[in-house]
Amino acid sequence: MKTFRCDCGSQLYFENTVCLSCNKLIAYDFTSDEMNRLTKLDDNYYLTDFNKKLKLCKNYTEYNVCNASIPAESESQLCISCQLNRTIPNLDVIDNIQKWARLEKSKRRLVRSLLQLGLPVISYAQSENGLAFDFLQGQQQNPNVDNEFVTTGHYKGLITINLAEADDIYLENTKSELGEQYRTPLGHLRHESGHYYFDLLIRDSKWIDIFREIFGSEEGDYQQALDHYYQSKPHTNWNQNYISEYAMVHPLEDWAECWAHYLHMIDTLESAKNLNILDFDENNDIDAQLYNWSNLAIAMNELNRSMGLNDAYPFILNTAVVKKLYFLDQVIDPNFAPTRLVEVD
Ligand SMILES: [Zn+2]
Ligand SMILES: [Zn+2]
Ligand SMILES: [Zn+2]
């Protein structure tokens, strides 16, 4: 993530709604990738310090779960991230707005990364191949809802997120039940977006054969693979070929896990560069990025240990995973021809 600067000179962060120095209203603009200091013009419009007229996303003005602005001429009342919402949480339920805000914060970060990578971010309302989000609650969290359980997942462009994933107690309990060291709303959103972009970029494309060579065939029965995974636990040696134990389930889960890790890497490297912790060329190739990332991950883990916290990045990038990340990098970068992958071994 970039670090931004307010026009008063103070540093701003992606989540800010107010500048803590000059106390002015702040909004993030997806189009320019900038945070602007705003002055209210009338009920609908705001002006930046450079006299650019903007509106605020309706989820900012009405619920304070977003901090994005939208172009003054936009027909939508929502920013590009909020336009992806098909179902928002039931706000009559106490605390749901805080959980929703936490998910939106992660979703904005995801959407920014996707846009920065030049990937299409299109709402389900605009295209049949568009992306939609449902934030749902199961009966365990809210006895008054219809769904007994809500499973976080992706199906044909619809990403469903269990709202409980934004609850710290639920997160900690689930981590310990499943033996996971890392589980966050942002991690879920990155993972699920991987499934969506598999459908969009790989399934019917020139990349599918190389995908199958590296990850295995995605056509195997999914439910059977999942049942087999849970029945045959515990797994040993998974860390020789996969980034996480869960990635073993199925080639599509392996892909989604690698996708999430690629997004973890590029966002965190960008933060390190902007905070002057690491110095590297923005146009670095994947080799240099992976080199910087492994050094940074070691440093982050050591810093966390100094604070008595768990490792920030409890994963190891083995050779098989590195090969998968190379593939992913090439799929995302349109300048690479798929034939180049043959050289990656
Ligand atoms: Zn300021
Ligand atoms: Zn918004
Ligand atoms: Zn998945």
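Refer to the preceding data block for the structure.
Residues numbered from 1 in each chain as written. Chains lettered and ligands numbered in written order. Predicted model: local features only at pLDDT ≥ 70, side-chain atom pairs only at ≥ 80, totals over all residues. Heavy atoms only, no water.

J.: What exactly am I supposed to notice about the overall build of the chain here?
T.: A tally of helices and strands in the chain yields 9 helices and 11 strands. At 21 Å, the chain has a C-alpha radius of gyration in line with the 20 Å of a compact globule built from 345 residues. Based on the C-alpha atoms only, the size of the chain along its principal axes is roughly 60 × 55 × 45 Å. When contacts within the chain are restricted to residue pairs at least 6 apart in sequence, those whose partners lie at least 24 apart make up 56%. In the structure as shown, the chain presents an accessible area of about 17900 Å², 47% of it carried by carbon and sulfur atoms. Where the 30 positive side-chain charges of the chain centre and where its 50 negative ones centre are 5 Å apart. (Helix = DSSP H or I, 4+ residues; strand = E, 2+ residues; numbered from the N terminus. Rg over C-alpha atoms; globule rule 2.2 N^0.38 Å. Contact = heavy atoms within 4.5 Å. Areas by Shrake-Rupley, 256 points an atom, 1.4 Å probe, with all protein chains shown as cover. Lys, Arg positive; Asp, Glu negative; His and termini not counted. Charge placed at Lys NZ, Arg CZ, Asp CG, Glu CD.)

J.: In this structure, what is going on with the coordination of the zinc ion (ligand 3)? I would like to understand it.
T.: For a metal bound by four donors in a tetrahedral arrangement, the ideal donor-metal-donor angle is 109.5 degrees, while six donors in an octahedral arrangement ideally sit at 90 or 180 degrees. Binding of the zinc ion (ligand 3) to the protein goes through H191 (NE2), H195 (NE2), E253 (OE) and E253 (OE), at separations of 2.1 to 2.8 Å. With 4 donor atoms in place around the zinc ion (ligand 3) and angles of 51 to 137° between them, the coordination shape is irregular. Coordination of the zinc ion (ligand 3) draws on donor residues from a single chain, spaced H-x3-H-x57-E in sequence. Highlighted residues: H191 and H195, both in helix α4 (residues 185–201), separated by 4 residues, approximately one helical turn. Of the two residues, H191 and H195, neither departs from the other in class, the shared state being buried. (Donors = N, O, S within 2.8 Å, 3.2 Å for Na, K, Ca; no water. Tetrahedral: all angles 85-135°; square planar, octahedral: opposite > 155°, others 65-115°. Buried < 20%, exposed > 50% of the residue type's maximum accessible area, 1.4 Å probe, protein only.)

J.: Quick question: what am I supposed to make of the pattern of salt bridges here?
T.: Any two side chains of opposite charge can pair if their charged atoms end up close together. Counting across every chain of the model gives 22 salt bridges. Via salt bridges that share partners, K2, D33, E34, R112 and E270 belong to a single interconnected network. (Salt bridge = Lys/Arg side-chain N within 4 Å of Asp/Glu carboxyl O.)

J.: Explanation requested: the pairing of strand β9 (residues 132–136) in the structure shown.
T.: Along a regular strand, successive side chains alternate from one face of the sheet to the other. Of all the 5 residues making up β9, 4 are buried; the element is thus mostly covered by neighbouring parts of the structure. The sheet contact formed by strand β8 (residues 85–87) and β9 spans 2 bridges and is parallel. Residue T87 lies in a different strand from β9, and its bridge partner there is D134. Once the chain exits β8 it traverses helix α2 (residues 96–116) before rejoining the sheet at β9, and the crossover so formed is left-handed. As defined by bridge partners, β9 adjoins strand β11 (residues 158–162) across 5 bridges and the pair is classed as parallel. Bridge pairing links F133 to I159 in β11. (Pairing = 2+ DSSP bridges. Right-handed = clockwise from strand over helix to strand, strands pointing away.)

J.: Before we go on, may I ask you to explain unusual backbone geometry in this structure?
T.: Positive phi outside glycine occurs at N23, with the angle close to 65°. With respect to the helices and strands, N23 occurs in the loop between β2 (11–12) and β3 (25–29). In this model, N64 sits at a positive phi of 60°, which is unusual for a non-glycine residue. As for its position among the elements, N64 is in the loop between α1 (58–61) and β7 (68–71).

J.: Teacher, can you tell me more about the pairing of β11 here?
T.: The buried fraction of β11 amounts to 5 of the 5 residues, a majority that puts the element mostly inside the structure. Of the two faces of β11, both are covered, the one formed by L158, T160 and N162 as well as the one formed by I159 and I161. Where strand β10 (residues 153–155) lies against β11, 3 bridges are found, and the strand directions are antiparallel. Paired with G153 across the bridge in β11 is T160.

J.: Sorry if this is basic, but what is going on with the environment of D311 here?
T.: Mapped onto the elements of the fold, D311 is located in the loop between α8 (286–306) and α9 (319–332). Separated by 153 residues in the primary sequence, D311 and L158 have C-alpha atoms spaced 32 Å apart. Setting aside residues up to four positions removed in sequence, D311 forms contacts with N301, N304 and R305. Only 2.8 Å separates the side chain of D311 from the side chain of R305, close enough to count as a polar contact. (Polar contact = N/O pair within 3.5 Å; in protein donor to acceptor, adjacent residues only side chain to side chain.)

J.: Would you mind going over the packing of aromatic side chains with me for this structure?
T.: Centre-to-centre distance and the angle between the planes together describe a pair of aromatic rings. A full pass over the atoms with the stated rule returns 22 aromatic pairs. Arranged with centres 4.9 Å apart and planes meeting at 80°, the rings of Y196 and Y197 form a pair that is edge-to-face. Of the two residues, Y196 and Y197, both sit in the buried class. Between W293 and Y313, the ring centres sit 4.8 Å apart and the planes meet at 70°, which makes this aromatic pair edge-to-face. Residue W293 is found in helix α8, and its partner Y313 is found in the loop between α8 and α9; the two are separated by 20 residues along the sequence. Across the pair, Y313 and W293 agree in class, each one buried. Taken together, the aromatic side chains of Y196, Y197, F198, W207, F211, F215, W255, W259 and F327 make up a single cluster linked through ring pairs. (Phe/Tyr/Trp six-rings, centres within 6.5 Å; stacked < 30°, edge-to-face > 60°.)

Function cannot be read off these values alone, since they describe shape.
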